[in-house]
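Residue-level structure breakdown
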Amino acid sequence: MNAGGCADPGGCEDADKHLYEYQHHELTPDVHQRIKDHLDACGHCQELYREEEIIRRKVAQCACEAAPEQLRTRVISLIATFRTTRS
Amino acid sequence: MLLLDDPAALVDGVGALGSRMMPDPQDDLTERFEAEVIPLLDTLYAGALRMARNPDDASDLVQETVERAYKGFKSYTPGTNLRAWLFRIMTNAYINIYRKKQRQPQQSSADEVEDWQMHKAASHTSAGLRSAEVEALDGLPDSDVKRALSSIGEDYRLAVYYADVEGFAYKEIAEIMGTPVGTVMSRLHRGRKQLRVLLEDYAAERGLVRRSGEES
């Protein structure tokens, strides 16, 4: 994973391996800090991370479609039947 | 499955409600169900689209989820993550109803795609990135991102959806998908790597960025 002549190629591999867990705040505090330190020091990995942040944001933006009005109506009337037909 | 299929949990739920609520616990339960579930319809529909992948089937899946959720609502513990609980029900409904219909012929082709993509992903990373690439990705239209998301394997897509759109913790995703956390992590890893390769390709197709290895 070393590119651009990073002084700590092992750190690049480490960061690459844990990048998503880092992004999702799933690492223990010490490992999180270790990755953060590497990203602060390595331009290449920092760039990778910036890219992953954008991908994450783009995915979050595009995948939130509103429910069609028809579905909303269907569900509301479905719940109304729950009221009338006791289980 | 845990909550839904456990009759003891249902009975407990009734007992707890019955002792606390005044005249008609069923009415109260329905009110609460409506008040809590209706605001989540958009979320449920967006999630259903990641599974069923066309608007009609996604709507049917949401309706099925709502029906099943209502039947099991007494066993839902107020204050716990309702979204996660509903997605767990939706996942089961999807597996029961839709996946059976498909008989998974796409599974093997998805694996093939994955192999060349992973190979490409590896070469991409080692080739390094140009800073322009960040801006190029940012400039991609939503349609490209949706296309990429729908191109990756279903389990990968759902893991990415739960983590990146819904913001669920890995542990919650594991419960929703019925897998160990390690499986969630590897699905996320592979899914995101594949997404990245696809998005870089789209950016190159649109002339937003040069492909790695191309001469300037």
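The coordinates are above.
Anyway, here's the lowdown on the structure attached to this text. (Residues numbered from 1 in each chain as written. Chains lettered and ligands numbered in written order. Predicted model: local features only at pLDDT ≥ 70, side-chain atom pairs only at ≥ 80, totals over all residues. Heavy atoms only, no water.)

Bringing the packing of aromatic side chains into the picture now. All names here are of chain B. Counting across every chain of the model gives 13 aromatic pairs over all chains. Aromatic side chains Y161 and Y162 sit 5.9 Å apart centroid to centroid with 65° between the ring planes, which places their arrangement in the edge-to-face category. The buried category is assigned to Y161, whose relative accessible area is 0%. Between R147 and the ring centre of Y202, over which it is positioned, the NZ or CZ distance is 3.9 Å. (Phe/Tyr/Trp six-rings, centres within 6.5 Å; stacked < 30°, edge-to-face > 60°. Buried < 20%, exposed > 50% of the residue type's maximum accessible area, 1.4 Å probe, protein only. Lys NZ or Arg CZ within 6 Å of the ring centre and 35° of its normal.)

Packed helix pairs are specified by the crossing angle of their axes together with the interaxial distance, meaning the distance between the axes. Residue and element names in this part refer to chain B. Between helix α3 (residues 41-52) and helix α9 (residues 154-165), the least distance of the axes is 9 Å, while the angle of their chain directions is 160°. Between α3 and α9, the angle falls in the class roughly antiparallel. Helix-helix and strand crossings are classified by hand; for α3 and α9 the assignment is right-handed. Contact residues: T43, A46, G47, R50 and M51 in α3; E154, R157, L158, Y161 and Y162 in α9. (Axes fitted to C-alpha atoms, helices over the stretch in contact; angles between N-to-C directions. Helix = DSSP H or I, 4+ residues; strand = E, 2+ residues; numbered from the N terminus. Parallel < 35°, antiparallel > 145°, perpendicular 65-115°, else oblique. Left-handed = near helix turned anticlockwise from the far one by under 90°. Contact = heavy atoms within 4.5 Å.)

So, on to the pattern of salt bridges. Any two side chains of opposite charge can pair, given that their charged atoms come close. Within the structure shown, the criterion is met by 26 salt bridges over all chains. Among the ionic pairs, E51 of chain A bridges to R196 of chain B, the shortest N-O distance being 2.9 Å. Here E51 of chain A, found in helix α3 (residues 43-62), pairs with R196 of chain B, found in helix α11 (residues 181-205), and the two come from separate chains. On the accessibility criterion, R196 of chain B (5% relative accessible area) is buried. Taking the shortest distance from any N to any O, the salt bridge between R32 of chain B and E36 of chain B comes out at 3.9 Å. With R32 of chain B and E36 of chain B both in helix α2 (residues 25-37) and four residues apart, the pair spans about one turn of that helix. Because the salt bridges share partners, they merge into one network encompassing E51, E52 and R56 of chain A together with D164, R192, R196 and E200 of chain B. (Salt bridge = Lys/Arg side-chain N within 4 Å of Asp/Glu carboxyl O.)

What follows covers the packing of helix α4 (residues 69-84) of chain A against helix α4 (residues 55-72) of chain B. Two elements in contact, α4 of chain A and α4 of chain B, have axes separated by 10 Å at closest approach and are oriented at 25°. Comparing the axis directions of α4 of chain A and α4 of chain B gives the class roughly parallel. Pair α4 of chain A / α4 of chain B crosses with right-handed handedness. For the pair α4 of chain A and α4 of chain B, the contacting residues are L71, R74, V75, L78, I79 and F82 of chain A in the first and S59, D60, V62, Q63, V66, E67 and Y70 of chain B in the second. A breakdown of the residues in the contact of α4 of chain A with α4 of chain B according to their chemical character gives eight nonpolar, two polar and three charged. (Nonpolar A, V, L, I, M, F, W, Y, C, P; charged D, E, K, R; others polar.)

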